[in-house]
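Residues per chain are reported as follows:
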Amino acid sequence: RVAVKNVDHVSCVSQSVADDLRAIIDTHEKISSTYNGVAAMQEAVESIQHVQRKRFVVAGWLLEWKGFDVFVDAVNSIADKLPEWEFVIAGAVAEDVLESGDYAVKLREKVANSPHANRITFHGGYHKISEVACCASHCIFVQPSTRPDPLPTVLLEAASLGLPIISSKLGGSKEILVQGETGFLVSPTPEEVAEKMMELAENSELRGNLGRKAKLDNEERFTIKAYVDGITKIIESFTGGRP
């Protein structure tokens, strides 16, 4: 609160963060939101190695609130119905968060006790989503965070690959995806996540449509240029347009 009250302007990463900030301070007019951008997908889709089996992918730092347990519980409820699909957990321990290491151990134990443990793979850390996912024909991305994520960049990365996305409808995720058009927004429960996983797995045309629209929308709204232009506009409002 002290920091916010003593600056000229606060640019938040999403409208969700801006709304949360407005709820705790009195001065609202100096708060705005400017979306982070991601670099345009430079590598051609054709150059990405396609996975051997169709897969669902969940990715992020190994933190409990990222929803990995929700994902595993959803997998346990539908895996028998989807014998041709595999399930991938990508992510590393967040070294700066003490509980992340403990949670990683518990998550591995949970997977080991799953009746479908042989179909759930831990990929470990990754540099880009294309290491674990390729395209809408073969992959579906799931982001079931149980707490609001300010603006999950992993969704922008998934969209840049044209992947169909199932995401928690908390935080900035609902600003990235348009329900039913560029992805599915759900409550982070195993039941709702599993329902959409089944729907997408059984409908390749729907996967392709969602992925294409997500990619186009991502390229229009979440670019580095849009971010730079937005921040520049804010700075110039305080400098009279001078650099």
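Going by the structure above, here's the rest.
Each chain has its residues counted from 1, running along the sequence as written. Given that the model is predicted, a residue must reach a pLDDT of at least 70 before its local features are reported, and side-chain atom pairs must reach 80 or more before they are shown or counted; all residues, however, enter totals for whole chains, interfaces and linings. Only hydrogens and water are set aside when side-chain values are computed; all heavy atoms of the structure are taken into account.

Let us look at the side chain of His 116. A run of H or I in DSSP becomes a helix once it reaches four residues, and a run of E becomes a strand once it reaches two; helices and strands are each numbered from the N terminus. The topology assignment puts His 116 in the loop between α4 (98-112) and β5 (120-124). Contacts were defined at the residue level, with two residues in contact if any of their heavy atoms lie within 4.5 Å. Those residues within four positions of His 116 in sequence are excluded, and the remaining contacts are Val 75, Asn 76, Ala 79 and Asp 80.

Cavity and pocket criteria rest on a 1 Å grid covering protein atoms alone: a 1.4 Å probe that fits but cannot get out defines a cavity, protein on both sides within 12 Å along at least 5 of 7 lines defines an open pocket, and an atom within 4 Å of a point defines a lining residue. Grid points are joined across faces, edges and corners, and a volume is the space filled by probe spheres set on the points. Here the largest pocket defines a volume of roughly 280 Å³. Ala 59, Gly 60, Trp 61, Tyr 126 and Val 154 are the residues nearest the centre of the largest pocket, which is lined by 19 residues in total. Breaking the lining of the largest pocket down by element, the ones donating at least two residues are β3 (54-59), β6 (139-143) and α5 (153-160). Among the elements that line the lining of the largest pocket, the one with the most residues is α5, at three residues.

Spacing of three or four residues puts side chains on the same side of an α-helix, whose turn is 3.6 residues. Each residue is placed in one exposure class: buried if its accessible area under a 1.4 Å probe, protein chains only, is under 20% of its type's maximum, exposed if it is over 50%, and partly exposed if it falls in between. All buried positions along helix α3 (residues 68-78) are accounted for by Phe 68, Val 70, Phe 71, Val 72, Ala 74, Val 75 and Ile 78. Its buried side turned inward, α3 meets β3, β4 (85-90), α4, β5, β6 and α7 (190-201).

Next up on the list: the sheet that holds strand β8 (residues 184-186). Only strands joined by at least two bridges in the DSSP assignment are considered to pair. Read from one edge of the open sheet, six strands run β5-β4-β3-β6-β7-β8, paired in parallel fashion. Bordering the open sheet on either side are β5 and β8, each of which pairs with just one other strand. When the angles between neighbouring strand axes are averaged without regard to direction, this sheet yields 20°. Here β4 runs beside β5; their pairing, made up of four bridges, is parallel. Axes here refer to lines fitted to C-alpha atoms; in helices the fit is confined to the stretch in contact. Angles between the N-to-C directions go from 0 to 180 degrees.

Each reported salt bridge corresponds to a side-chain nitrogen of Lys or Arg within 4 Å of a carboxyl oxygen of Asp or Glu. Taken as a whole and judged by the stated rule, the model has nine salt bridges. The closest approach of N and O atoms between Lys 225 and Asp 229, which form a salt bridge, is 2.7 Å. Taken together, the residues Lys 225 and Asp 229, both in helix α9 (residues 224-239) and four residues apart, mark about one turn of the helix. A residue is classified by how much of its surface remains accessible, and Asp 229, at 39% relative accessible area, is partly exposed. Within this structure, Asp 69, Asp 73 and Lys 110 form a network of salt bridges that share partners.

Now for the packing of aromatic side chains. Each Phe, Tyr or Trp ring, with Trp reduced to its six-membered ring, pairs with another whose centre is within 6.5 Å; inter-plane angles below 30 degrees give stacked pairs, above 60 give edge-to-face pairs, and intermediate values give tilted ones. Under the defined criterion, the tally for this structure stands at three aromatic pairs. Ring centres of Phe 56 and Trp 85 lie 4.7 Å apart, and the angle between their planes is 40°; on these two criteria the pair is classed as tilted. A residue pair is termed long-range when its members are at least 10 positions apart, and Phe 56 in strand β3 and Trp 85 in strand β4 qualify at 29 residues. With centroids separated by 5.7 Å and ring planes inclined at 10°, the aromatic side chains of Phe 56 and Phe 87 adopt a geometry described as stacked. Highlighted residues: Phe 56 in strand β3 and Phe 87 in strand β4, separated in sequence by 31 residues. Phe 87 carries the same exposure label as Phe 56, and that label is buried. One aromatic cluster in this structure is built from Phe 56, Trp 85 and Phe 87. Sitting over the face of the ring of Phe 184, Lys 196 holds its NZ or CZ atom 4.3 Å from the ring centroid. Geometrically, a charge over a ring is one whose NZ (Lys) or CZ (Arg) sits within 6 Å of the ring centre while staying within 35 degrees of the ring normal.

This part is about the packing of α3 against α4. As a packed pair, α3 and α4 sit with axes 11 Å apart at the nearest point and diverge in direction by 0°. The orientation of α3 relative to α4 falls into the category roughly parallel. Between α3, through Phe 68, Asp 69, Val 72 and Asp 73, and α4, the contact on the second element is made entirely by Tyr 103, Leu 107, Lys 110 and Val 111. Charged means Asp, Glu, Lys or Arg here, nonpolar means Ala, Val, Leu, Ile, Met, Phe, Trp, Tyr, Cys or Pro, and polar covers whatever is left, Gly included. Here the residues of the contact of α3 with α4 are counted per class, giving five nonpolar, no polar and three charged. Angle categories are assigned with fixed cut-offs, so that under 35 degrees is roughly parallel, over 145 is roughly antiparallel, 65 to 115 is roughly perpendicular, and the rest are oblique.

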